[in-house]
Amino acid sequence: MKTITVKSMSFFLAIALIVFTIPQSWASGQSPVNGSQAGDDELLTELLWPGISNAPVGKRPSVGVALAGGGARAFTHTGFIQAMQYASFPIDYVAGTSMGSIIGAYYSAGKPIDGLWQLGGKLVKLGIKKDFLNVKLLPLVFKNKMMPANNIKRIIGEMFGSLNIEDLDKPFACVAVDVRTGEKIVFRSGPVAIAVRASANFPGFFEPLQYNQRYLIDGGVVENIPVDVVRAMGANWIIASVDNVISDSMPENVLSVLMQVIDVRGRMLAEESVKKADFVVDPPVGGISTIAFEKSIEAAEAGLLQTMKDMPAMKRAYILKAIKMRTEAE
Amino acid sequence: MKINISSGSFKMAFFLFLSSLAVCPASAWFFFQPKNKAAESILKDMEKAYDKGNCLLVHELYEKIFAENPSAEIREKVYNYVGICYEKSGPADKAISIYKLASGLYPKNAFFSYRLALIYNETGFYDKALPLFKTAIKKHFNEVGALVGAARASEKLGKLGEAAKYYEEALSNSEDEDISVIKEFASCLIKSARFEEARAVIEKGYAIKPEADWPALIAKTFAAEGRFDDASAAMASAIGYDPKREYRISKGFYDYWAGNKEAAESAADDLLAADGKDFLAAFLKGLLLYSSDKKSEADKYFRLAACGGNFVSEAARKMSSAELPDAKELCK
């Protein structure tokens, strides 16, 4: 067994050595060039980027981000936002669903990015998982009563207090569903805590959140990647940050089966949403289950790495969208 | 429990032990010898061959020395020389096997995990390299090298904050002022949008060895902040050291964004005069004409730029008011 591991490792290393010796221009699909062309694609990106990214909206297309739901996997958005900040990529509008709404609201409130990295650990400490683990099938069947998501309510309350969406630093929206009518409810104003709690209110076990004569549950049921929402807010160019994979771990109990079913449904909806996005960042986080909040750092690192890998392509796609508008504004 | 030495069974056992010593072959005594002379002598030859850079001989002696059942101490040295030789002359996978084996056999010796980490870093397995460098740092083995290795691996893994910490520590621990590491540190800070800190590091590097790269890096920090006049001035300083095309076209673009269109045009014209197929200069010239509402004149330059690399070509096509034919037709 050990021999096989060493051999396969050696094979990959050999491949890596070959790949590393291939000129970058070949790898990018560009024909080998000579003279002044070598490295020009990278250089032009580098020279156009600051002129476009530093311009105010109006001189460039506005950028919206749609942060998907996915429980613990949605912490991939932490890494995504971090990489966007590193690259000085402008974000003008934020929309989120479920856990994506909590992270989106936190970022839109102008809270420091370090806090987002710590958020997963904090949620574990404050007992977010308890609400899920406390769900027992028999009481649900025999008492015929939904569980109150007390810990989640308390945690979100502590995070956002009495803050209103309209007071956030960046325009923000999140998605929930009225379980009685099936209507998609988009929160664009009002208390942040209520909006994100509704958006992240896991259906089937937790009580629907009653607000303004609505009975609200998790928005992931109707729009897990809120691309349409952020477009409606006014974004001209949209990046979807998704965790669009079904957990590859075997469901162990009724709750995890239900979550997996919701994941499958979310993925079907996501296929349509990602087609409408201008750029999609989709890190490999399939090994992380919806409630594995202790793995939030792992998810965030996957998001960071994937976004950094995608960044040159993302910058180029946005430059191509923006270059004419920016030049005409000169 | 007491042993009764006068008992019959003990006497019998003692007798058998003495008899076995008498019939033992000489080779069995090897393990009781304090030193293995033959292995030591081969090791000395190996050291000499290694010092002379004769890896072929090192490999030959490697085969030979193990026939002498060398001590653990000698083996440790052998793995060291042979590993480095495989690194130098290949194949790298053999070096990896040696280092993996040796780091398991000699866990206290951080040399093997350090070398393994270097190979992983070079071949792009940064996630495997990072913990090994961390181990080397803990054991204070080649601390500066391990810190720089950890910084590079962290940077590649996107952990820019962690990378910056390692670079900083490496530079503060290093007695020599390694210019290339200072540049890497500055670039890492620029990548993480820590522009002011980057400028402080760059100024230190510039004080040690004034050269074009430093003001060029400063220019990048200013441009990233949208301070294009400052970026242009810094790039002019870089051009003073080295008037290479990359710096001249960069200054041209910074001037364009700063609204210094005459300076930008002069840069584009100079570069096009030097090379009529300078696609970036053609693109810049096109932008200047387009923004001055001379769109048909601009099209001539975008047409030329559309023969550049993939992205240059795509950007030029976006800007061109006319539909351009495909590259094969256009760039005959």
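Above this text sits the structure in question.
Since this is a predicted model, take the numbers as computed values, not measurements.

Caption draft 1: Examining the interface of chain A and chain B more closely. Tallying the contact residues gives 41 residues for chain A and 58 residues for chain B. For the pair chain A and chain B, the summed buried surface comes to about 4000 Å²; carbon and sulfur atoms form 68% of the total. When the buried area of chain A at its contact with chain B is split by residue, L47, Y86 and L320 of chain A rank highest and sum to 16% of it. Across the chain A-chain B interface, the total number found is three salt bridges. A salt bridge links R245 of chain B to D40 of chain A, with the shortest nitrogen-to-oxygen separation between them at 3.1 Å. At the junction of chain A with chain B, the criterion picks out nine residue pairs in polar contact (both at pLDDT 80 or more). Secondary structure elements with two or more residues in the side of chain A that touches chain B: helix 1 (2-21), helix 3 (40-53), helix 4 (76-86) and helix 13 (296-328) of chain A. Ranked by residue count, the leading element in the side of chain A that touches chain B is helix 13 of chain A, at twelve residues. Among the residues forming the side of chain A that touches chain B, the class breakdown is 20 nonpolar, twelve polar and nine charged.

Caption draft 2: Focus on the packing of aromatic side chains. Taken as a whole and judged by the stated rule, the model has 23 aromatic pairs over all chains. With centroids separated by 6.2 Å and ring planes inclined at 80 degrees, the aromatic side chains of Y99 of chain B and F111 of chain B adopt a geometry described as edge-to-face. Here Y99 of chain B, found in helix 5 (residues 92-105), pairs with F111 of chain B, found in helix 6 (residues 110-122); they are twelve residues apart in sequence, far enough to count as distant. No difference in accessibility class separates Y99 of chain B from F111 of chain B, as the two residues are buried. Site record: aromatic cluster; members linked through ring pairs are Y62, F66, Y79, Y99, Y106, F111 and F112 of chain B. A cation over an aromatic ring shows up here: R316 of chain A above the ring of F311 of chain B, its NZ or CZ 5.4 Å from the ring centre.

Caption draft 3: Examining the state of the cysteines more closely. Residues and elements named next belong to chain B. For the structure on display, the rule yields two disulfides over all chains. Disulfide pairing is shown between C55 and C85; the S-S distance is 2.2 Å. The chirality of the disulfide connecting C55 with C85 is left-handed, given an S-S dihedral of about -80 degrees. Here the residue C55 occupies a position in helix 3 (residues 55-65), and C85 occupies one in helix 4 (residues 72-89), the gap between them amounting to 30 residues. For C55, a relative accessible area of 9% gives the class buried. Covalent S-S linkage joins C307 and C331, the inter-sulfur distance amounting to 2.0 Å. Looking down the S-S bond of the C307 and C331 bridge, the torsion is -100 degrees, so its handedness is left-handed. Residue C307 is located in the loop between helix 17 (295-305) and helix 18 (310-319), and its partner C331 is located in the segment after helix 19 (327-330); the two are separated by 24 residues in the primary sequence. Accessibility expressed as a relative area gives 18% for C307, which makes it buried. Along chain B, the cysteines engaged in disulfide bonds are linked according to the scheme 1-2, 3-4 when indexed in sequence order.

Caption draft 4: Molecular detail of a negative patch on the surface. All names here are of chain B. A surface patch of like charges, here negative, comprises E175, D176, E177 and D178. With respect to the element layout, E175 can be found in the loop between helix 9 (160-173) and helix 10 (179-191). According to the relative accessible area criterion, E175 is exposed, its value standing at 81%.

Caption draft 5: Examining the pattern of salt bridges more closely. All names here are of chain B. Tallied over the full model, the rule gives 27 salt bridges over all chains. In this structure, K134 and E162 form a salt bridge, with 3.5 Å as the shortest nitrogen-oxygen distance. Separated by 28 residues along the polypeptide, K134 in helix 7 (residues 126-138) and E162 in helix 9 bring together distant segments of the chain. Taking the relative accessible area as the measure of exposure, K134 reaches 34% and is therefore partly exposed. When its relative accessible area of 27% is taken as the criterion, E162 is described as partly exposed. The salt bridge partner of K183 is E211, with a shortest N-O separation of 2.5 Å. Placement of K183 in helix 10 and of E211 in the loop between helix 11 (195-208) and helix 12 (213-224) is noted, with a sequence separation of 28 residues between them. Of the residues examined, K183 reaches a relative accessible area of 18% and is grouped as buried. One salt-bridge network, in which partners are shared between bridges, spans K183, K209, E211 and D213.

Caption draft 6: Main features of the pairing of strand 3 (residues 172-178) of chain A. Residues and elements named next belong to chain A. Among the seven residues of strand 3, seven are classified as buried, and the element is accordingly described as predominantly covered. Along strand 3, one buried face is formed by F172, C174, A176 and D178 and the opposite face, lined by A173, V175 and V177, is buried too. Relative to strand 3, strand 2 (residues 93-97) is paired through four bridges, and the arrangement is parallel. Bridge pairing in strand 3 places G96 opposite C174. Pairing geometry for strand 3 and strand 4 (residues 184-187), over four bridges, is antiparallel. Bridge assignment links A176 to a residue of strand 4, and that residue is I185. With three bridges joining them, strand 3 and strand 6 (residues 214-218) adopt antiparallel strand pairing. Its bridge partner being in strand 6, V177 is matched across the sheet by I217.

What counts, and where the lines are drawn
Residues numbered from 1 in each chain as written. Chains lettered and ligands numbered in written order. Predicted model: local features only at pLDDT ≥ 70, side-chain atom pairs only at ≥ 80, totals over all residues. Heavy atoms only, no water. Contact = heavy atoms within 4.5 Å. Buried area = accessible area lost by both parts, 1.4 Å probe. Salt bridge = Lys/Arg side-chain N within 4 Å of Asp/Glu carboxyl O. Polar contact = N/O pair within 3.5 Å; in protein donor to acceptor, adjacent residues only side chain to side chain. Helix = DSSP H or I, 4+ residues; strand = E, 2+ residues; numbered from the N terminus. Nonpolar A, V, L, I, M, F, W, Y, C, P; charged D, E, K, R; others polar. Phe/Tyr/Trp six-rings, centres within 6.5 Å; stacked < 30°, edge-to-face > 60°. Buried < 20%, exposed > 50% of the residue type's maximum accessible area, 1.4 Å probe, protein only. Lys NZ or Arg CZ within 6 Å of the ring centre and 35° of its normal. Disulfide = S-S within 2.5 Å. Patch = residues over 30% accessible without salt bridge, like charges linked within 9 Å, V, L, I, M, F, W, Y side chains within 5 Å. Areas by Shrake-Rupley, 256 points an atom, 1.4 Å probe, with all protein chains shown as cover. Lys, Arg positive; Asp, Glu negative; His and termini not counted. Charge placed at Lys NZ, Arg CZ, Asp CG, Glu CD. Pairing = 2+ DSSP bridges.

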